[in-house]
Each structure stands twice: as structure tokens, then as C-alpha cells.
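Given next are the chains, with one letter for each unit.
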Amino acid sequence: MLVIPAIDLLGGKVVRLHKGRRDESTVYHDRPDAVARRFQRQGATRLHVVDLDGAFSGQSENREAIARILGGVDVPVAVGGGVRAIEIVDELVALGARFVVLGTAAVRDPELVRLAAARHPGKVICAVDALDGRVRVAGWAEDSGESAEEVAVRAVRLGAAEILFTDIDRDGTRVGPNVASTAALQARLAAPVIASGGIGALDDLRALAAAGVKACVVGRAIYEGAFTLEAAIDAALEAAC
């Protein structure tokens, strides 16, 4: 299982939110590019970058920080947050993003998913962020009225290469991921599902890997020293063997 460290940007700084709440953020570093380079040195083979300002506003607001990250590492980087127009997708790919993550657009603008996937094959990830099984959009502030499975199945049909599944109620809590729901979604889809939300211990990684989950995003647990990135990578590899 691939372990992907997260770099969430708010006001140009590296932060983590608690259950997606903007007013419950913890700042970990003021140099996102330095964090990205450190993760690469520690063995990361991929990074996950989110423009939280963009997720809330619908417009990309941390472009300078994102550009510095992309220009400072050699590993593939997925970038999301506020990506709601094909021009932004094109720009992020041109900047060097290996993957572009569509969240709200995956629900509200299926045509954008189809167009982006056709224009950039293999580079579109759709984020399926769910609370009690129902997908939320606009920075997790609004209920879409659709289930995680409905959104994910449609996104893959439209050309999404991967699905990023986040259990909002666990995000930033370190209480453990929703292994059952993530594994069930993976079993339903041909495309890889990336688990996100709640990882707080190495046993969480082992459980996901043993359940057949292909990849996971880890944030707060690494920033707060619950385990190192190197230990996380080793645990995921051992469990998948």
C-alpha cells in the first residue's frame, strides 16, 4: 500500500483541520516547500497537496506555494482544492502536478470530470468526501444528497483514474480510518481507492493494507509524531506482503 503524506495549505502555511473545520486548524510549518522536500528525503514517492483556501472559496488561492512545492521535489504530486474549471486543471498540470484532484466538481460538474480526464488521461483523481455515507461539497459545508458509492462510480465511469475517499467525521482526529467503508468502495471499483481520514497509528495502516486498500493519505499523525513517515512506509509494505 502506498503511503502519501499530506500538505494542506491555508494562508500559505501547512496546517491540518479537525473534521474539515476551518476554525479548528493547527499550523505546523510556514514553508510548504521545505515540508515537501523533507517528505521526499524521508522516502515519500508521492505527495498530496490541498489548497484549503481554494476548497472553501472555489478559487485557487495558494498558487505560489503550490508552484514552489512542484518545483522543489522530484516525486509525483497530486494537487486539489478549488479546482472547478478546466483552465485550472490545465494550469496545474502545466505547473508540474502529476495528478489533479476534483472534489466539488465531481458532484456538481460531471462534464468537467469527463473533459479533464479526456484532456489529461490518468491524471484526474476525484475526491469523495463523506459524512455518514453522504458526500459533502464546497469545503465540506454542503450536503450533495448523493452517496459516496454513487459519486465514485460515476466519476470512474467519466474517466477518473483514482478515487480519494475521506471519512469527514474522522479527518484530523487520529481515531482510526473507516476501513470497512473504504474496502467496500474499493471492492466496488476497478480504479484504486485512496483512504483518507483518521489514521493515527501504524496498526491503522496495517489494517487498511490487509483489507486490500491501494493507498492512503496521512497527515496529522506524522506532523504530531505518532509515527515517522519511514515507519509508516515500512508498516504498509509489510502488511501488504
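A brief structural summary. (Residues numbered from 1 in each chain as written. Predicted model: local features only at pLDDT ≥ 70, side-chain atom pairs only at ≥ 80, totals over all residues. Heavy atoms only, no water.)

1. Considerations on the overall build of the protein chain
Right, on to step 1. Assigned secondary structure in the protein chain consists of 11 helices and 12 strands.
Right, on to step 2. Against the 2.2 N^0.38 benchmark of 18 Å for 241 residues, the protein chain shows a C-alpha radius of gyration of 16 Å, consistent with a compact globule.
Right, on to step 3. Referenced to the eigenvectors of the C-alpha coordinate spread, the extents of the protein chain come out at roughly 40 × 35 × 35 Å.
Right, on to step 4. Looking at the protein chain as a whole, 54% of its 241 residues qualify as buried.
Right, on to step 5. When the accessible surface of the protein chain is split by element, carbon and sulfur atoms take 48% of a total near 9,600 Å².
Right, on to step 6. In the protein chain, the 28 positive side-chain charges and the 32 negative ones have mean positions that sit 2 Å from each other. (Helix = DSSP H or I, 4+ residues; strand = E, 2+ residues; numbered from the N terminus. Rg over C-alpha atoms; globule rule 2.2 N^0.38 Å. Buried < 20%, exposed > 50% of the residue type's maximum accessible area, 1.4 Å probe, protein only. Areas by Shrake-Rupley, 256 points an atom, 1.4 Å probe, with all protein chains shown as cover. Lys, Arg positive; Asp, Glu negative; His and termini not counted. Charge placed at Lys NZ, Arg CZ, Asp CG, Glu CD.)

2. Considering the nonpolar core
Right, on to step 1. One finds Ile 7 and Leu 102 to be the most contacted residues of the largest nonpolar core, which totals 68 residues.
Right, on to step 2. Here the element with the most residues in this core is helix α4 (residues 86-95); it accounts for 5 residues.
Right, on to step 3. Ile 7 has contacts with Val 14, Pro 32, Val 35, Ala 36, Phe 39, Leu 47, His 48, Val 49, Val 50, Ile 69 and Tyr 223, leaving out every residue within four places of it along the chain.
Right, on to step 4. Listed in part, the 11 residues of the second largest apolar core include Ile 4, Ala 6, Phe 99 and Leu 164. (Core = buried A, V, L, I, M, F, W, Y, C linked by side-chain atoms within 4.5 Å. Contact = heavy atoms within 4.5 Å.)

3. Examining the pattern of salt bridges
Right, on to step 1. Per the counting criterion, the structure on display carries 13 salt bridges.
Right, on to step 2. Between Glu 142 and Arg 108 there is a salt bridge, and its shortest N-O distance comes to 2.2 Å. Of this pair, Glu 142 sits in strand β9 (residues 142-147) while Arg 108 sits in helix α5 (residues 104-108), and the two are 34 residues apart along the sequence.
Right, on to step 3. Taken together, the shared-partner salt bridges connect Arg 31, Asp 33, Arg 37, Glu 64 and Arg 68 into one network. (Salt bridge = Lys/Arg side-chain N within 4 Å of Asp/Glu carboxyl O.)

4. A word on the packing of aromatic side chains
Right, on to step 1. Taken as a whole and assessed by the stated rule, the structure comprises 2 aromatic pairs.
Right, on to step 2. A ring pair is formed by Tyr 28 and Tyr 223, whose centres lie 4.9 Å apart and whose planes are at 15°; its orientation type is stacked. Of the two residues, Tyr 28 is situated in strand β3 (residues 21-29) and Tyr 223 in helix α10 (residues 220-223); the sequence distance between them amounts to 195 residues.
Right, on to step 3. Aromatic pair Phe 39 and Tyr 223: ring centres 5.8 Å apart, planes at 65°, arrangement edge-to-face. Residue Phe 39 is located in helix α1 (residues 32-41), and its partner Tyr 223 is located in helix α10; the two are separated by 184 residues in the primary sequence.
Right, on to step 4. Assessed through its relative accessible area of 15%, Tyr 223 is described here as buried.
Right, on to step 5. Through a chain of ring-to-ring contacts, three or more aromatic side chains come together here, namely Tyr 28, Phe 39 and Tyr 223. (Phe/Tyr/Trp six-rings, centres within 6.5 Å; stacked < 30°, edge-to-face > 60°.)

5. Structural notes on the environment of Leu 115
Right, on to step 1. As for its position among the elements, Leu 115 is in helix α6 (residues 110-119).
Right, on to step 2. When the C-alpha positions of Leu 115 and Gly 159 are compared, they lie 8.8 Å apart, and in sequence the two are 44 residues distant.

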